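# A look at the structure
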Amino acid sequence: MNRAYATIISLLMIGSILLGAGIGHAITPQMGAVSYTAYYTSSGKEVAPLSSNASVNFTTLAGQTVASLQGPVNKTELDYGNYTVTVPSGLVYVNGQPAVSLGLSELVTVDKPSQSITLSVPIESLVPGTLYVSGLVAGSNATIALETENGLEYYTSTVTANSTGVASLTYYMPSTPFLVSVKQAGNTYLVATELTSGVARITVQPSSTISGIVESVSGAPVKPVYVVAYNSTSSTYSIEKFTTSSFEISLNDYSAYRLFIYSPGYNTSTISQIVPGTVYTVPLSPAQSYIYYNFSLNSTLQGLNISIHYSLGNYTTLPFLANSSVGSLYWQFRLDGITSSSAPQIEQYLLSELGRYTNYTMFVNSNNYNLTSERVVSISIGTSSFSATVNYSYSNTMISPSQNVSISLFTRGTRFTPGSLTYMYSVAYSLQGVALVKSNVSTYTFVSPIEVAPQSTSHWVSLTLGPAKKPIFIDPKISLYWPNQVSTDYILNSTYNNTVFIVPSGISVHYNLSKAFYNPTTASYDISSSKNITWMVNGTVVPQDYGMYNASLTLRGKNMITVKVESASGVYNETNFTVYAYNGTPTVRVSVVVDGKTVTPTSGVYYVPQNTLISMSAYNSSEAVPGTSYMVPLVYSWSLPSFTSTSENITYSFSSPYIKVGLQYGYINVTNIAGVMAHMKLTFHVNDTTPPSAAITLYNATGVVETEPVAGQNTTLSANSTTDPYYPFSQLTFNWTFEYSNGTVAKPGNDSYQIVAGSNTSSWIKVRFLTVDNMIVSLKVTNPSGVSGYDNKTLTMVIDTARIVINGFTVPKPLVQGERATIYVNVSNNGTLEAYNYTITLYVNGVPVATEEYHDLLPGHSANISFTWTPSASGNLPLEFKGSTSSEPAFFANVGAYTKTVSIAPPAYRTPAIIAGVIVVVIVVGYVYYRISSRPREPQRPANKQQEQKKPEQKKK
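Residues numbered from 1 in each chain as written. Predicted model: local features only at pLDDT ≥ 70, side-chain atom pairs only at ≥ 80, totals over all residues. Heavy atoms only, no water.

The protein chain has the name CARDB domain-containing protein in an unreviewed UniProt entry, where Thermogymnomonas acidicola is given as its organism.

Shown next as structure tokens:
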């Protein structure tokens, strides 16, 4: 019986706990203090207190844990009601010695303010012992499990058989008979034995293997699979789980066994006559049992009736009885000795299902209810079936009536052991005009009785009731469909009170309201849950199809459609909308725009530029519904080279011009909602806008390609690498221009360049650059379409000789006409070769006056040289020094020259004569002055004689 209780605990559903701390007029449940004292017992006698770490759990009969305690003595407070107290089984130490706790599971009724209970946990003492197992496969591992006589496994170990097939295990074992389970090489052996002088011996005999494949009645594999091996002789059984759809077990004495095979959600299959070596195909059919919880609230919400009805088939065992894991209600009844006369024994369990208060069952507006009566209406126990009905009555007179009701309902999840046990919940009420407003789970109905869909797990369900509201139609959200439909743009007017659709004439059109019907009571689009839906066309009722909220209609001309619906909340409403069924032909109109300007076709041809975005629009295409101002929605389809679009307006550019591909074409198809199409062909002449790819190539004087020109040598600039995608080279025109690095146009000259051959308009031009400065050469290439391409290069002159550059000069002492003088000239070689011999020439007023020759100036080096010269004239004279070598171009001397004005004194011998001359002049001037100032004064004469005074006095000879 203890093993059965352990099985019961493993199968109880564990739900969440909701404390009854409600608002309003919640009934405060009576509480009872429960204290316990727990002992381990052997042969009915107390041997020791419960271990300090042993768990003691109190749960409701619905599987909700309400108290978890530990130790031999403890206490808790519980609501009045029925509970299960459990102590788990397992290996324990009692008074320092090992023992097997067989566990405990018993009912406790809390019905007084304070009570004490004694818990007696049976144990089976263990003593040291050695087990020898013979008949094993030599050298192979085997798993040995030790079990009590009633099948409680408490220890498992892996051993290795010796060369004779014997393995041993030393551990603590019962002093009374016990079971040994041995698994090796896919075989399982269950053998009973007993210690004798501390030793037990068993032999595993070659057994018969029974295997099989489990599948559904449709042939699909079924897994996992549970195989119960029931020993008819000892009335014991073992259970083995297989994760796949096949099984294989080994039995020592197969004639004493029968097999029960099951899988969660399926009926149990029995193999009564085992034929060793047979591979069985075991078909399982889906099986389902039900437990119905029907809640009923009266109109004041103060009275609550709960009716629980059990309807169990052979595939669902009773979890509150022993041997519930055997997989068959029939065999559970046989093993437990349950017959039709056992109804009183089972009744106490049924009446314990609900507590004195609804704290673990239901709250209404946060109020609980108090039990007023309970009774078992009926119990029916068959050989392989069970049914019963139990009624409970609760009340809470402090609850206020209301149309706004919040219900919390604890629901159990579907169990699978082995068939599925489904819990069905419904809530009925006597409130007029009230419907389900909100729920956290799916429901089958929205008005009384509200049927909750089966739940997969145990949890609290929230149901909110409120006044039912009138449903709302949103006609523009009605969806339409018909064969070969080209568009969903079938709405001509989308206002709620005047929605107008257009459809093809004479074909069946399907109308769907699933997204167009809103129930404000449930705040959802729940027309699929509605009822009493009626469709009318021009006042005549038409049949429905594909569910009540859909209809297929074949119409012509103008039609008024009426739909009447009773919502899931029980409230009616209706809607009207207009449908035009019309098949016409659209008119195609197209506009072509380039750079904001409309292109008008010339003789039916649009002239457009290449590689330019062109805007094309079919916006002005149209079709009117006859007799109305409504325009039929149109669908567009464009097709141009390597391009398609379904937009009304497009942009496109032609990549190939007329010269390459000739005329090009585009097509626009305009289709109305009925599938009638009109089209237009567009012809394009694409003007070439692709410029030639201008390319400048440089050749030196020998015709070899170069990257930079050599100063002073002939360089050919060629456009021979220029290409045009559409025109041959011979049809291209060319133009060459030269510029200084600052952008100023450079014309041919002695300080820029000379044209040696060709011209500025030929495909090549041969020039000689007479400068060492950078120059820019540009090439313009134009094709017959008038499209030009450009290339330009900045040319850096290459010096491939020595190049003498005068950096400056100094005059150590004043220069004197006629005197030989030394001038120091700073000269550098800015070329690329050594100047073995070079000359320096002095120019005065542009005339060479002296030349000297020098030697050995390396490239990149400079030198201060002395230059001797005798000035032939005096005064401020411009002195210009030029350097040159025989290898450098002649113009190098000019670009490397240096000029500075220098003062040259007259010769020294001319100075005394000049001084003497100056002295003579001074003496003469002084003498004249003396003579004039020493003459006697004469009397004044009349004014008319003044002219005579002005005559100079004659010198005396």
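This part is about the overall build of the protein chain. Helix and strand counts for the protein chain come out as seven helices and 70 strands. A globule of 957 residues ought to have a C-alpha radius of gyration of about 30 Å, yet the protein chain, at 60 Å, is considerably larger. Principal-axis analysis of the C-alpha atoms gives the protein chain an extent of 190 × 95 × 85 Å. Looking at the 957 residues of the protein chain, the share that counts as buried comes to 45%. Put simply, 63% of the contacts in the protein chain that link residues at least 6 apart link residues at least 24 apart. A total of about 46,300 Å² of accessible surface is found on the protein chain, and carbon and sulfur atoms cover 51% of it. (Helix = DSSP H or I, 4+ residues; strand = E, 2+ residues; numbered from the N terminus. Rg over C-alpha atoms; globule rule 2.2 N^0.38 Å. Buried < 20%, exposed > 50% of the residue type's maximum accessible area, 1.4 Å probe, protein only. Contact = heavy atoms within 4.5 Å. Areas by Shrake-Rupley, 256 points an atom, 1.4 Å probe, with all protein chains shown as cover.)

Below, the discussion takes up the UniProt feature "domain: CARDB" (unreviewed entry) in the protein chain. According to UniProt, the "domain: CARDB" (unreviewed entry) feature falls on residues 805-880. Taken end to end, residues 805-880 has its terminal C-alpha atoms 12 Å apart, with 0% of it in helix and 68% in strand. (UniProt positions renumbered as here; feature names shortened; annotations may be inferred.)

As summarised here, the arrangement of the six strands in space is S37-S38-S45-S44-S41-S42, forming an open sheet in which the pairing is mixed. One side of each edge strand has no neighbouring strand; the edge strands of this open sheet are strand S37 (491-495) and strand S42 (540-542). Neighbour to neighbour, the strand axes of the sheet diverge by 30° on average, direction disregarded. Alignment of strand S38 (residues 498-503) against strand S45 (residues 572-581), held across four bridges, turns out to be parallel. Within S45, the residue paired with Phe501 across the bridge is Val579. (Pairing = 2+ DSSP bridges. Axes fitted to C-alpha atoms, helices over the stretch in contact; angles between N-to-C directions.)

What follows concerns a nonpolar patch on the surface. A cluster of nonpolar side chains, contributed by Tyr658, Leu663, Tyr665 and Tyr667, occupies part of the molecular surface with about 360 Å² of accessible area. Secondary-structure assignment places Leu663 in the loop between helix H4 (658-661) and strand S53 (664-672). (Patch = residues over 30% accessible without salt bridge, like charges linked within 9 Å, V, L, I, M, F, W, Y side chains within 5 Å. Salt bridge = Lys/Arg side-chain N within 4 Å of Asp/Glu carboxyl O.)

Time to look at the sheet that holds strand S6 (residues 81-87). With respect to topology, four strands assemble into an open sheet ordered S4-S3-S6-S9, the strand pairing being antiparallel. Two strands lie at the open edges of the sheet, namely strand S4 (65-70) and strand S9 (104-110), each paired on one side alone. On average, adjacent strands in this sheet sit at an angle of 20° to one another, irrespective of strand direction. In this sheet, S6 lies alongside strand S3 (residues 55-60) in antiparallel orientation, the contact comprising four bridges. When the sheet's bridge partners are listed, Thr59 is paired in S6 with Thr84.

Of all hydrophobic cores here, the largest spans 50 residues; its most connected members are Phe295, Leu318, Ile346, Phe386 and Ile407. Excluding anything up to four places from it in sequence, Ile407 contacts Leu297, Met362, Phe363, Val364, Val427, Val461, Ser462, Leu463 and Leu465. Of all hydrophobic cores here, the second largest spans 33 residues; its members include Leu492, Val500, Val542 and Val632. (Core = buried A, V, L, I, M, F, W, Y, C linked by side-chain atoms within 4.5 Å.)

We now examine helix H3 (residues 343-351). Buried within H3 are the following residues: Ala343, Ile346, Tyr349 and Leu350. In a view along the axis of H3, the buried residues occupy a sector of 115°, so they form one face of it. (Arc of directions from axis to C-beta.)

Bringing the pairing of S37 into the picture now. The pairing of S37 with S38 spans four bridges and is antiparallel. Bridge assignment links Thr495 to a residue of S38, and that residue is Asn498. The turn linking S37 back onto S38 is made up of two residues.

Counting across every chain of the model gives two salt bridges. A salt bridge links Asp111 to Lys112, with the nearest nitrogen and oxygen atoms 3.1 Å apart. Classification of Asp111 as partly exposed rests on a relative accessible area of 37%.

Attention shifts here to empty space enclosed by the protein. Tallied over the entire structure, the rule returns one cavity of 30 Å³ or more. The calculated volume of the largest cavity comes to roughly 200 Å³. When residues in the lining of the largest cavity are grouped by element, the largest group, three residues, is from S6. Grouping the amino acids of the lining of the largest cavity by side-chain chemistry returns 10 nonpolar, six polar and four charged. (1 Å grid on protein atoms, 1.4 Å probe; cavity = no way out; pocket = protein on both sides within 12 Å on 5 of 7 lines; lining within 4 Å. Points joined across faces, edges and corners; volume = space filled by probe spheres on them. Nonpolar A, V, L, I, M, F, W, Y, C, P; charged D, E, K, R; others polar.)

So, about the confidence of the model for the protein chain. Caution is warranted with low-pLDDT regions, since their predicted coordinates should not be read in detail. Averaged over all residues, the pLDDT of the protein chain equals 87, while 91% of them reach at least 70. For the stretch residues 1-24, pLDDT sits under 50, and the model shows 58 contacts to residues farther than four places along the chain or on other chains. (pLDDT = per-residue confidence, 0-100.)

Residue Pro224 is reached from Lys223 by a cis peptide bond, and omega for that bond is -5°. Mapped onto the fold, Pro224 is located in the loop between strand S17 (208-216) and strand S18 (225-231). A cis geometry characterises the amide bond from Ser448 onward to Pro449, with omega recorded as -5°. Position of Pro449 among the secondary structure elements: in the loop between strand S32 (434-439) and strand S33 (450-452). Backbone geometry at Ser235 places phi at a positive 55°, although glycine is not the residue there. Along the chain, Ser235 falls in the loop between S18 and strand S19 (236-242).

A few words on the environment of Pro128. On the secondary structure map, Pro128 appears in strand S10 (residues 114-134). The class of Pro128 is exposed, set by a relative accessible area of 59%. Residues Pro128 and Arg356 lie 228 residues apart in sequence; the distance between their C-alpha atoms is 50 Å. Filtering out sequence-adjacent residues up to four positions away, Pro128 remains in contact with Tyr171, Tyr172, Leu195 and Gly198.

Positionally, Asn550 belongs in strand S43 (residues 550-554). Here the side chain of Asn550 touches Asn512 through a polar contact of 2.9 Å, side chain to side chain. (Polar contact = N/O pair within 3.5 Å; in protein donor to acceptor, adjacent residues only side chain to side chain.)

Attention now moves to the packing of aromatic side chains. Inspection of every chain in the model, using the stated rule, returns 36 aromatic pairs. Seen in terms of ring centroids, Tyr230 and Trp331 are 4.8 Å apart; in terms of plane orientation they differ by 50°. Their pairing is tilted. Highlighted residues: Tyr230 in strand S18 and Trp331 in helix H2 (residues 329-336), separated in sequence by 101 residues. Classification of Trp331 by relative accessible area gives buried; the value is 6%. (Phe/Tyr/Trp six-rings, centres within 6.5 Å; stacked < 30°, edge-to-face > 60°.)

A few words now on H2. Residue pairs spaced three or four apart in an α-helix point in one direction, given the helix's 3.6 residues per turn. Looking only at H2, the buried set comprises Leu329, Trp331, Gln332 and Phe333. Elements in contact with the buried residues of H2: S18, strand S21 (257-262), strand S25 (303-312), strand S27 (370-381) and strand S28 (386-395). Capping of H2 at its N-terminal end is provided by Ser328; its side-chain oxygen lies 3.3 Å from the backbone amide nitrogen of Tyr330. Positive phi shows up at Gly337, right after H2, with a value of about 70°.

With that out of the way, let us pick up the environment of Asn74. Locating Asn74 in the fold gives a position in strand S5 (residues 73-79). Each C-alpha atom of the pair Asn74 and Val56 lies 9.1 Å from the other, and the pair is 18 residues apart in sequence. Beyond its immediate stretch of four places on either side in the chain, Asn74 contacts Val34, Ser35, Tyr36 and Leu69. Engagement of the side chain of Asn74 in a polar contact is seen with the backbone oxygen of Gln70, the distance being 3.1 Å.

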